[in-house]
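Structure at a glance
Here is how the chains run, residue by residue.
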Amino acid sequence: MKLYLSCDAVAKALGVDAVEAALLAEAARRGVTLELVRVGSRGMVWLEPLAEVEVDGIRHAHGPLTAAAVATLFDAPSGLGPTDDLPWMRGQTRLTFARCGVTDPLSLDDYRAHGGLIGLTRALAMGGNAVVTEITESGLRGRGGAGFPTGIKWKTVAGADADQKYIVCNADEGDSGTFADRMIMEGDPFTLIEGMVIAGIAVGATKGYVYIRSEYPDAIDVMQKAVTLARPAGMLGSSVLGSGIAFDMEIRVGAGAYVCGEETSLLNSLEGKRGVVRAKPPLPALEGFLGKPTVVNNVISLATIPVILERGAAFYKDFGLGRSRGTIPLQIAGNVKHGGLYEVAFGLTLGQIVDDIAGGSATGRPVKAVQVGGPLGAYFPRAMFDTPFGYEEFGAKEGLVGHAGIVVFDDTADMLKQARFAMEFCAIESCGKCTPCRIGAVRGAETIDRIARGDPAAIPLLTDLCNTMKAGSLCALGGFTPYPVMSALTHFPDDFARQKEAAE
Amino acid sequence: MKDFILPDRDFGTPAAKSKLMVTLTIDGFDVTVPEGTSIMRAAATAGISVPKLCATDSIDAFGSCRLCLVEIEGRNGTPASCTTPVAPGLKVHTQNTRLKQLRRGVMELYISDHPLDCLTCSANGDCELQDMAGAVGLRDVRYDAVDTHFKAKNTSGEANPQFIPKDDSNPYFTYDPAKCIVCSRCVRACEEVQGTFALTIEGSGFNSRVSAGMSGDTFLESDCVSCGACVAACPTATLQEKSVIDIGTPERSVITTCAYCGVGCSFKAEMRGDELVRMVPYKNGKANRGHSCVKGRFAYGYASHKDRILNPMIRENINDPWQEVSWAHAMEFTANRMRGIQEKYGRNSVGVITSSRCTNEEAYLVQKLTRAVFMNNNTDTCARVCHSPTGYGLGQTFGTSAGTQDFDSVEQTDVVIIIGANPTDGHPVFASRLKKRLRQGAKLIVIDPRRIDIIDGPHVKASHHLPLRPGTNVAVVSALAHVIVTEGLMNEDFIRTRCDWDEFQDYAEFITQPQHSPEATELLTGVPAADLRAAARLFATGGNGSIYYGLGVTEHSQGSTTVIAIANLAMLTGNIGRPGVGVNPLRGQNNVQGSCDMGSFPHELPGYRHVKNDDVRAVFEEMWGVKIDNEPGLRIPNMLDAAVEGTFKGLYCQGEDILQSDPDTKHVAAGLAAMECVIVHDLFLNETANYAHVFLPGSSFLEKDGTFTNAERRINRVRKVMAPKNGYGDWEVTQLLANAMGAGWTYTHPTQIMDEIALLTPSFAGVSYERLEVLGSIQWPCNDTAPEGTPLMHIDGFVRGKGKFIRTEYIATDEKTGPRFPLLLTTGRILSQYNVGAQTRRTANVIWHDQDLLEIHPHDAEVRGVKDGMWINLASRSGSTSLRATITDRVSPGVVYTTFHHPDTQANVITTDYSDWATNCPEYKVTAVQISPSNGPTEWQVDYNEQAANARRILPAAE
């Protein structure tokens, strides 16, 4: 009996290791020979721990599985039916995450068998400039949140004259409700490595770093192992796949600061300095890691590179909406019925995502607001659920796509408290370099407290402060904190209309 | 700082160096600036001051305060003008409704966390935060701030954990965290300007705080070297000079020159009335470019120290107490004595020692006194004991007795050799400029017996440290040349076109001999051959190579040979005559270059022209109206020898303490004691004054006009900022003495003396106070062909014509270790103290160095039973003294090291009377010694102190 069991951190958190032990015991008891493969997550968090039984060569889903209930898997192997036929899976276009949950993350054979290294081989054949062109034509934009066209960034680095260039992968995934980076690193690490090697070939960089947040011990472990495996396989080293082109990489671990997900403070941290934001210009593309031209890309951007090279820019570009091309791995979290990772072309409306895919709130109460794009993203009320998922479309509504984290709140949420939380978060995570963020976030929380105490004069002050922070901050931390605050204030004014508590 | 005194505008960001010019429009005005200039600086050049707090033009743009935001047509958002470079055709707006609102919003945040005690604040009227609040029109702070850093207690009366009390541990400035706006200017100044990295921002977000050293350290406990760069950079009262807190803000400022080391930093002496409020490094000063060290910046208190003698004093006999007298009486007494001596013992029985701390004009007058009034050439100067071999060695090889570069040259160097110098301690401002270049990637080779700080500093590491045995400089430098020549790494083009090829052939034949190879000299020098070879290759092939050296080169029996070897090395590699290269002696004292230039040596008239030269003498004779002796006079050691022999009886010693600073103290004391009239002209009763009959009170550098010439031949103005406390500038005192002896001099201002110097000295022909006023400073030679001076020497050809290669045979010093004296003592100095300490010991600098310590390697200490801090006896063939030991592996086994800043230590009791073969420069840097545990001061020290106390008695003035 062949069985696939998730080894993703989510599954582990939900007890997959106990399930594995129970499965092995049950198989032994029944005298069944169990061929157990640990794979990444399929992204259906509500079904974790998820086990898949191969029946006639087709994987059938079982989940959420508990150690006590493993017997059902032997008694009725078809479970929830074929995994790929589950509505969650059927609705997706899995390009970046095609192998995630399917293959053994650390098996290069599996990786090759599922299309791995085709992109790299093609990249080596076409040469750096053509790769840059291909990526530019694919319309891929930075999946970390800023949405800057990846090809343009690469072109800048490729055009810079330097004795050394670097590829830095930003795996400091700190946004609330996001986990795409972690999932791909744990579930398909070679795709990230391949993406980074291709980036190196494209821009002429020979060294890469993956900066992973310390809160991701599993991802760190998998990535380190994958790098170690990739070297003897020729994916990394002095001659990538025998091409004579050198590229090697290291895994580096962050130290717990959210702001180190901002590319310039990440570079400072990577250099061993305090994780404070650098002013731009100079752009990291010209003066990045150790002052050398550096591509800083998010995990998903880099992990998407192989499939673009494998299937071509035109194929990738065909997906999407407007200037948002390709697919986006939505990460649905918060108060939802079906949470998890859902890779789909840009263009679904927020309503479709929240109501159809996520199935509404887990509590069954009406959804009040959705925060899109992490802790710095705007809160969208139901009235704006017709907004299609795209960079420009969200920008037009004073919101942002960010890293595509979607956090759902039901009608018990107090949006004033959420606004205060945004300021508090900014105050805690601020690097302290620029004044609007350093002092503004503290004053912001204090000012919201005044509003909560029924001081109406504090509302225009909060608005002024948000304007100062938005236009005056050095980076997106201070600059985007006004999004959740102002969206809460604008769309949920009732939550801010507190009565002055009677002094008597 | 607010420019309430001088037009010393802060452009916000450093100047760009590009030659490519860019034109843009700022607020409708066309502005053309070099490519790479920030919009902020471009605006400032057009006279538009964009509000700013975190930007200042001594450090790179940072972009944190967000006050300088501007709008650029066609670009999104409001970029910071400090971090945004200009681009052709940009249309920038620095002021509109949106920007005004933004700036007010930012200021409102700043002020919500700042105490409003402006009226009683020490920076009142001199605070950029105050200025900016005014500039942006902040009229109201609407926040009800709960969390602050400046309230000691919160509203409930509980202690505010965010409040950090003022740190006043540093003797010169305070750190008041309550007033800090976290602009990071101090941190960046410490990193970028000083290169010490003592400061950091601790914590993050609202808890970001400036912190010295590790958490919990005070400024004094931290690595802070008290250079003052952070204080100068601070826009508020957070880092504030204690003198400003005590006195108030200054009302005027005078640009003058530091009187400490040979870097010659320009300062603004900021005054209130005739009280000096503070010394602030002058950013247009070409030697220091706005930087300073603890001595020049803060250690000026000696000028008003209670020990300073303000009245002339005389005594019949050195065992008598001093008697205060009027200037007239003192002059009469002195003139009579000197005249009497000359009558009795002959014209040549008296002489002078000029000072390397006084001005050029003063040194000139003192040598003129001996040549034109005493009628002999018995003049010498303390350069005898420091850089006389430089004069000889560079004169022989290149044709000038001075360094080849300006300090700016270091910004273009690629490989630096430091030999026998400790710039972070001795020449700290130059060291900071060098470290900046090293952080940019230049390579460093250090040749020094000791692991000096620059070898392994923050973000600075030497590529090679060649820890040679003291006394083997010639062998090491020759071995470098051997490698370069034998491996064919020399610059043959340069040698063929610029040097004498035949002389080179001869030199090459010599230097390629196997006994000069690093392998052959390794046993002798202790320098691993492989390291030396690698260093030689690096220097020969690493781009612009420059050599900086100090007294560790010159103060040896082969000091002149080493200077020649260094010159050979520079010529071999073609590293002469352009920016970034050269041979650069680091001069010890503020005007040691100048005192040499001014004819202080017994064989040379001003401008290094030999007294035997009839034409030269004729020029002076005509001007001075006297006949000049055509025989060279006595050098200092000869004077002392002659005194002991009984033929030299009278000495006028200006601003120099030969008893403490010259070698073999006992011999110096014997010489002085044998004289009949020793005239000491100084600020303090120095050690030499213990043997003096006349004490003429000196004036400090703040009290007179004149010029100092620094190590880069730069003539800087010294300006009188207050009246002399003793009544006369030193030049006036010398004139009083000359006239008391019948000279009839009529100088009324030092400018007249400079005019005379210019008239008589070709290399100074173009120098005048008027020209200095216009140019700021002038590097000699300055004449018709170089009317604005000469930053770089030997550009198209050597001054002497063809560069001269000279063989450099290593001859070991006679001072050798043996069973009785198995260790080698070498000496040096420390950052906080200067020379014999007469000035710095009379300042709060003693907090860093209150006594001289003997550095000894753990191995040598162990076998002698010496523990850290223990009193030890230090004995040589000359004498013994005692001091405390400090155990460190900075020194190699077999080598011990001490400083010579404290007279109690009397390190020169130990040093011998060996000296340089060519110039008599004493061999301070090598003495064979033995050490042993001891109970305290030696008998000699006790006796000495008794004698000194006795000699310093002053009788109350007779009414």
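Basis of the calculations
Every chain begins its residue count from 1, and numbering advances along the sequence as written. Chains and ligands are labelled sequentially in the order written, the chains with letters from A and the ligands with numbers from 1. Only residues with pLDDT of at least 70 are given local features in this predicted model, and only at 80 or more are side-chain atom pairs given and counted; all residues enter the totals for whole chains, interfaces and linings. To obtain the side-chain values, all non-hydrogen atoms of the structure were included, while hydrogens and water were left out. The criterion for an aromatic pair is that two Phe, Tyr or Trp rings (for Trp, the six-membered ring) have centres within 6.5 Å, with stacked assigned to planes under 30 degrees apart, edge-to-face to planes over 60 apart and tilted to the rest. Each helix is a run of H or I in the DSSP string that is no shorter than four residues. Each strand is a run of E no shorter than two, and both are numbered from the N terminus. We call two residues contacting when some pair of their heavy atoms lies within 4.5 Å. Using a 1.4 Å probe, buried area is obtained as the accessible area two parts lose upon being combined, added over both of them. Salt bridge, as applied in this entry: a Lys or Arg side-chain nitrogen positioned within 4 Å of an Asp or Glu carboxyl oxygen. Side-chain atoms alone can form a polar contact between residues adjacent in sequence; in general such a contact is a pair of N or O atoms within 3.5 Å, and within protein one must be able to donate a hydrogen while the other accepts it. Partly exposed residues are those whose accessible area sits between 20% and 50% of the maximum for their type, while under 20% is buried and over 50% is exposed, using a 1.4 Å probe and protein chains only. Think of the arc as the fan of directions from the helix axis to the C-beta atoms. In this description, strands pair whenever DSSP reports at least two bridges between them. Axis definition: a line fit to C-alpha positions, over the contact stretch in the case of helices; interaxial angles, taken between N-to-C directions, run 0 to 180 degrees. Throughout, a disulfide means two cysteine sulfur atoms within 2.5 Å of one another. Throughout this description, the term nonpolar core refers to a set of buried Ala, Val, Leu, Ile, Met, Phe, Trp, Tyr and Cys residues connected via side-chain atoms within 4.5 Å. Each helix should span, by expectation, one fewer than its residue count multiplied by 1.5 Å.

Some words on the packing of aromatic side chains
All names here are of chain B. This model, assessed by the stated rule, comprises 38 aromatic pairs over all chains. Ring plane angle 90° and centroid distance 5.1 Å describe the contact between Trp-327 and Tyr-728, whose orientation is recorded as edge-to-face. Residue Trp-327 is located in helix α8 (residues 327-345), and its partner Tyr-728 is located in the loop between β29 (714-718) and α25 (730-740); the two are separated by 401 residues in the primary sequence. Their ring planes at 40° and their centres at 6.4 Å tell us that Tyr-507 and Phe-510 sit as a pair that is tilted.

Considering the interface of chain A and chain B
Interface size is commonly expressed as the accessible surface area that is lost when the partners come together. Each partner contributes residues to the interface: chain A has 29 residues there, and chain B has 36 residues. When chain A packs against chain B, the two sides together hide about 2500 Å² of surface, and 57% of this comes from carbon and sulfur. Its largest share of buried area at the contact with chain B, chain A owes to Arg-274, Arg-438 and Arg-443 of chain A, together 24% of the area lost on that side. In this structure, the connection of chain A to chain B is made through two salt bridges. Arg-450 of chain A is the salt-bridge partner of Asp-144 of chain B, the closest N and O atoms lying 3.5 Å from each other. Run the count over chain A and chain B and you get 17 residue pairs in polar contact (both at pLDDT 80 or more). Breaking the side of chain A that touches chain B down by element, the ones donating at least two residues are α17 (415-429), α18 (435-438), α19 (440-452) and α20 (458-472) of chain A. For the side of chain A that touches chain B, the leading source of residues is α20 of chain A, giving seven residues.

Points about helix α15 (residues 501-511) of chain B
Residues and elements named next belong to chain B. Looking only at α15, the buried set comprises Phe-504, Tyr-507, Ala-508, Phe-510 and Ile-511. Taken around the axis of α15, the buried residues stretch over an arc of 160°, which confines them to a single face. Buried-residue contacts for α15 involve α13 (473-486), α14 (492-498) and α19 (559-572). Sitting at the head of α15, Asp-500 places a side-chain oxygen 3.0 Å from the backbone nitrogen of Asp-502.

Regarding the sheet that holds strand β26 (residues 677-682) of chain B
Residue and element names in this part refer to chain B. With mixed pairing, the eight strands of this open sheet are ordered in space as β15-β14-β25-β26-β27-β12-β13-β37. Each edge of the open sheet carries a strand with a single partner, namely β15 (379-381) and β37 (954-955). When β26 meets strand β27 (residues 694-697), the two strands line up parallel, connected through four bridges. Directly across from Val-680, in β27, lies its bridge partner Phe-695. Against the sheet, α8 makes contact with β12 (313-314), β14 (350-354), β25 (650-654), β26 and β27, and its axis sits at roughly 135° relative to β27, the strand it touches most.

Details of the state of the cysteines
Residues and elements named next belong to chain B. In the structure shown here, the tally under the stated rule is zero disulfides over all chains. With no disulfide partner, Cys-382 has as its closest neighbouring cysteine sulfur the one in Cys-386, 5.2 Å distant. Cys-382 sits in the buried class, given a relative accessible area of 2%. You can see Cys-677 has no disulfide; the closest cysteine sulfur is in Cys-653, sitting 12 Å from it. A relative accessible area of 0% means that Cys-677 is categorised as buried.

A word on the pairing of strand β8 (residues 294-298) of chain A
Residues and elements named next belong to chain A. Counting buried residues along β8, five of its five residues qualify, which places the element largely inside the surrounding structure. Across five bridges, the pairing between strand β5 (residues 166-171) and β8 is parallel. Paired with Ile-167 across the bridge in β8 is Val-295.

A short note on unusual backbone geometry
Residue and element names in this part refer to chain A. Here Glu-48 and Pro-49 are connected by a cis peptide whose omega angle stands at -5°. Within the secondary structure, Pro-49 sits in the loop between β2 (35-39) and β3 (51-55). Looking along the chain, the bond that leaves Pro-281 and enters Pro-282 is cis, with omega of 5°. Its identity as a non-glycine residue notwithstanding, Leu-241 has a phi of 50°, on the positive side. Its identity is not glycine, yet Ala-404 carries a phi of approximately 65°, on the positive side. Summarising the element assignment, Ala-404 is placed in the loop between α16 (391-395) and β15 (405-410). The exposure class assigned to Ala-404 is buried, which follows from its relative accessible area of 0%.

A word on the pattern of salt bridges
Residue and element names in this part refer to chain B. According to the stated counting rule, one finds 88 salt bridges over all chains in the structure shown. Notably, a salt bridge pairs Arg-297 with Glu-241, separated by 2.9 Å at the nearest N-O pair. One end of the pair, Arg-297, is in helix α7 (residues 294-298); the other, Glu-241, is in strand β8 (residues 239-241), and 56 residues separate them in sequence. Notably, a salt bridge pairs Arg-437 with Asp-414, separated by 3.1 Å at the nearest N-O pair. Of this pair, Arg-437 sits in helix α12 (residues 428-439) while Asp-414 sits in the loop between α10 (388-397) and β16 (415-419), placing them 23 residues apart in sequence. Among the residues examined, Arg-437 registers a relative accessible area of 17% and is labelled buried. The exposure class assigned to Asp-414 is partly exposed, which follows from its relative accessible area of 24%. Residues joined in a network through salt bridges with shared partners are Asp-126, Glu-241, Lys-268, Glu-270, Arg-278 and Arg-297.

Side note on the sheet that holds strand β1 (residues 21-26) of chain B
Strand pairing in a sheet takes place through backbone hydrogen bonds and is either antiparallel or parallel in direction. All names here are of chain B. Taken in spatial order, the four strands make up an open sheet running β2-β1-β4-β3, and their pairing is mixed. Here the strands that pair on one side only, and so sit at the sheet edges, are β2 (29-34) and β3 (71-72). For β1 and strand β4 (residues 91-93), the ladder comprises two bridges, and the chain directions are parallel. By the bridge assignment, Ile-26 is partnered in β4 with Val-92.

A short note on the environment of Asp-448 of chain B
Residues and elements named next belong to chain B. Assignment of secondary structure puts Asp-448 in the loop between β17 (443-447) and β18 (456-457). Sequence separation of Asp-448 and Ile-59 is 389 residues, and the distance between their C-alpha atoms is 32 Å. Among residues more than four places away in sequence, those in contact with Asp-448 are Gly-420, Ala-421, His-465, Leu-466, Pro-467 and Leu-468. Of the polar contacts made by the side chain of Asp-448, one reaches the backbone nitrogen of Arg-450; its length is 2.9 Å.

Considering the nonpolar core
The biggest cluster of nonpolar side chains holds 69 residues, and the ones touching the most others in it are Phe-173, Leu-239 and Ile-454 of chain B. With four residues, the top contributor of residues to this core is α12 of chain B. Setting aside its immediate chain neighbours within four residues, Ile-454 of chain B contacts Ile-418, Thr-424, Leu-434, Lys-435, Leu-438, Leu-444, Val-446, Val-460 and Ala-462 of chain B. By size, the runner-up hydrophobic cluster in this structure holds 64 residues, among which are Val-277 and Ala-369 of chain A together with Leu-53 and Cys-121 of chain B.

Description of α17 of chain A
Because each turn of an α-helix spans 3.6 residues, side chains separated by three or four positions end up pointing in the same direction. Residue and element names in this part refer to chain A. Its 15 residues give α17 an end-to-end C-alpha distance of 21 Å, which sits within 8% of 21 Å, the value for a rise of 1.5 Å per residue. Residues of α17 that are buried: Met-415, Leu-416, Gln-418, Ala-419, Ala-422, Met-423, Phe-425, Cys-426 and Glu-429. By the N-cap criterion, in which a side-chain oxygen at the helix start approaches the backbone nitrogen of a residue two or three places on, α17 is capped by Asp-414, the distance to Leu-416 being 3.0 Å.

So yeah, pure geometry; function would need other evidence.
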